[in-house]
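Listed below are the residues making up each chain.
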Amino acid sequence: MQKILLIMGLAGFVVMADNWVVSPILPAIAKDLGITIPQAGILITSYMIPFGLFQLIFGPLADRYGKKLVINSALLLFTVSTFLCAIAQGVGDLAVYRALTGIFAASVMPISLALIGDLFPMEQRQQAIGTFMGISFLGQGVSMALGGSIAYFVSWRGVFLVYSILALIVAILYYFAGRRINSPGNPNSQFIKPYWELLSHGKTAGTYLTVLLEGIMIVGSFSYFGGFIAKNFHFNYLTIGLIMTGFGVMAVIGGRISGKLANKFGRKNLITNGLILGFLADILLALWGNSLIIVIISIAAMGLAFMLVHSTLLTIATGFAKMARGAAMSLVAFFFMGGGGVGTSIGARIISAANFEKLFLVYGIGLLVLAFLAKVLVTDLGEVKAGM
């Protein structure tokens with residue numbers, strides 16, 4: 001069981017590494033293509049919105065045709081689209097290739113989380129999800145340093161070339177090792193009905209709304225950490241990547257401890273405290289972001305906050321629908337990544353109209369408000385019989 005979890009984690013690792021790599025190299029891309037950092041933010045949005053939208057396709061496909069078949073096919077196409085990013089000639093075609101990458105990457109996280117829901121009982125599930133998410137976000141953490149290093153010593157194009165090679169290796173490993181996973185399809189599964197039942201149920205809908213708002217404010221903040229560091233300290237891309245690695249390191253730690261903390265303090269309390277920690281991270285950046293030590297602490301705190309909140313919301317959502325678990329997890333990824341795309345787009349407008357500090361102030365206050373709203377919106381239900 002643990003070996004399968006590691007394999008899924010490796011797939012998540014490479015997807016999240018590619019997913020988050022644009023943030024630390026955004027200044028390099030903007031400079032090379034002759035555009036501003038806020039304009040380059042379209043590359044994050046163009047990835048995240050398709051990533052979120054196609055969750056709604058891949059989840060039901062996995063429920064109907066089997067999780068292994070869908071994820072193996074998508075990983076190969078993800079490899080090709082990542083390579084295309086390396087040879088893009090301008091911001092327009094690069095945005096298109098990032099959108100394609102986001103489409104095929106959309107399969108990995110929700111299908112893997114649905115598999116964890118199939119393989120692990122509820123009392124072990126948050127620990128398994130935390131481990132999977134920790135490995136996945138280690139990819140995000142390594143991506144900061146690796147992406148920054150390649151961008152500094154070679155170019156931002158080299159980043160996508162390296163990631164396409166890593167993606168191919170993982171796709172091969174997943175294909176052979178994944179044959180041990182029992183993943184039959186359900187020919188009676190439906191595409192629309194599970195979504196309707198999950199979203200029309202008031203208590204499950206509250207969880208999805210919390211995920212949406214979490215994505216807007218946490219990803220919306222994170223997307224501009226690299227640009228903020230470049231503006232305030234004028235560091236090279238390697239140094240920016242190393243600083244931002246703190247987010248990934250603390251996300252890994254958060255993944256390892258979230259299950260124990262949830263069992264001790266309760267899932268709703270863990271969500272609230274995690275959101276308050278995210279609020280503090282943003283406010284520190286807004287008020288004292290000219291101090292390097294404060295920036296390092298804030299980025300690390302945001303990584304821990306994110307994992308405490310998100311792994312808990314994911315665990316709750318795995319119990320929503322046993323026979324349509326792919327659809328249930330697809331909705332989580334849809335709202336989180338879609339929210340992240342919206343938050344990044346809004347963030348670009350705030351920065352253009354004001355500055356980075358105003359962005360962190362707005363999203364920080366938003367996280368504090370959400371910390372109290374989540375007490376009402378999120379209910380740890382047990383299973384809702386959606387799509388049975």
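Higher on the page you've got the structure.
These numbers come from a predicted model, not from an experiment. (Residues numbered from 1 in each chain as written. Predicted model: local features only at pLDDT ≥ 70, side-chain atom pairs only at ≥ 80, totals over all residues. Heavy atoms only, no water.)

Caption draft 1: Layout of unusual backbone geometry. Of note in the backbone geometry, His234 takes a positive phi value of approximately 55° without being a glycine. By the element assignment, His234 lies in the loop between helix H13 (225–233) and helix H14 (237–265). Residue classification places His234 among the exposed positions, given a relative accessible area of 68%. (Helix = DSSP H or I, 4+ residues; strand = E, 2+ residues; numbered from the N terminus. Buried < 20%, exposed > 50% of the residue type's maximum accessible area, 1.4 Å probe, protein only.)

Caption draft 2: Summary view of the nonpolar core. Counting 125 residues, the largest nonpolar core has Ile116, Met133, Phe137 and Phe160 as its most contacted members. Here the element with the most residues in this core is helix H17 (residues 325–353); it accounts for 12 residues. If we skip the residues at most four places from it in the chain, Met133 touches Met109, Leu113, Met307, His310 and Leu314. (Core = buried A, V, L, I, M, F, W, Y, C linked by side-chain atoms within 4.5 Å. Contact = heavy atoms within 4.5 Å.)

Caption draft 3: Structural detail: the packing of H13 against H14. Packing of H13 against H14 leaves a shortest axis separation of 10 Å and a crossing angle of 130°. When the axis of H13 is compared with that of H14, the two are oblique. Considering the relative orientation of H13 and H14, their crossing is right-handed. Mapping the contact onto sequence places Phe225, Gly226, Ile229 and Ala230 in H13 and Ile240, Ile243 and Met244 in H14. The residue inventory of the contact of H13 with H14, partitioned by class, reads 6 nonpolar, 1 polar and no charged. (Axes fitted to C-alpha atoms, helices over the stretch in contact; angles between N-to-C directions. Parallel < 35°, antiparallel > 145°, perpendicular 65-115°, else oblique. Left-handed = near helix turned anticlockwise from the far one by under 90°. Nonpolar A, V, L, I, M, F, W, Y, C, P; charged D, E, K, R; others polar.)

Caption draft 4: Structural detail: the side chain of Ser81. As for its position among the elements, Ser81 is in helix H6 (residues 67–86). For Ser81, a relative accessible area of 2% translates into the label buried.

Caption draft 5: Structural detail: the environment of Phe191. Counting through the fold element by element, Phe191 comes out in the loop between helix H10 (156–177) and helix H11 (193–200). It is 8.4 Å that separates the C-alpha atoms of Phe191 and Leu56, two residues lying 135 residues apart in sequence. Non-local contacts of Phe191, meaning those with residues more than four positions away in its chain, are made with Ile57, Pro60, Leu61 and Arg64.

Caption draft 6: Structural context of the pattern of salt bridges. This model, assessed by the stated rule, comprises 2 salt bridges. The closest approach of N and O atoms between Asp18 and Arg98, which form a salt bridge, is 2.8 Å. Pair noted here: Asp18 is in helix H1 (residues 2–20) and Arg98 is in helix H7 (residues 91–105), with a separation of 80 residues, a long-range link. With respect to burial, Asp18 and Arg98 carry one shared label: buried. Close ionic contact of Glu197 with Lys193 constitutes a salt bridge, the shortest N to O distance being 3.9 Å. Of this pair, Glu197 and Lys193 are both found in helix H11, 4 residues apart, which corresponds to roughly one turn of the helix. Take Glu197: its relative accessible area is 24%, and that puts it in the partly exposed class. With a relative accessible area of 37%, Lys193 lands in the partly exposed category. (Salt bridge = Lys/Arg side-chain N within 4 Å of Asp/Glu carboxyl O.)

Caption draft 7: Up close: the packing of aromatic side chains. Per the counting criterion, the structure on display carries 13 aromatic pairs. An angle of 25° between the planes, with centres 6.1 Å apart, marks the rings of Phe247 and Phe306 as stacked. One end of the pair, Phe247, is in helix H14; the other, Phe306, is in helix H16 (residues 292–318), with 59 residues separating them in the sequence. Of the two residues, Phe247 and Phe306, both sit in the buried class. (Phe/Tyr/Trp six-rings, centres within 6.5 Å; stacked < 30°, edge-to-face > 60°.)

Caption draft 8: Geometry of a nonpolar patch on the surface. Taken together, Leu6, Leu10, Phe83, Ile87, Leu161, Val162, Ile165, Leu166, Ile169 and Leu173 make up a surface patch of nonpolar side chains, about 800 Å² in accessible area. Residue assignment for the nonpolar patch shows that the elements contributing at least two residues are H1 and H10. It is H10 that contributes the most residues to the nonpolar patch, 6 residues altogether. Inspection of the secondary structure assignment puts Ile165 in helix H10. Residue classification places Ile165 among the partly exposed positions, given a relative accessible area of 48%. (Patch = residues over 30% accessible without salt bridge, like charges linked within 9 Å, V, L, I, M, F, W, Y side chains within 5 Å. Areas by Shrake-Rupley, 256 points an atom, 1.4 Å probe, with all protein chains shown as cover.)

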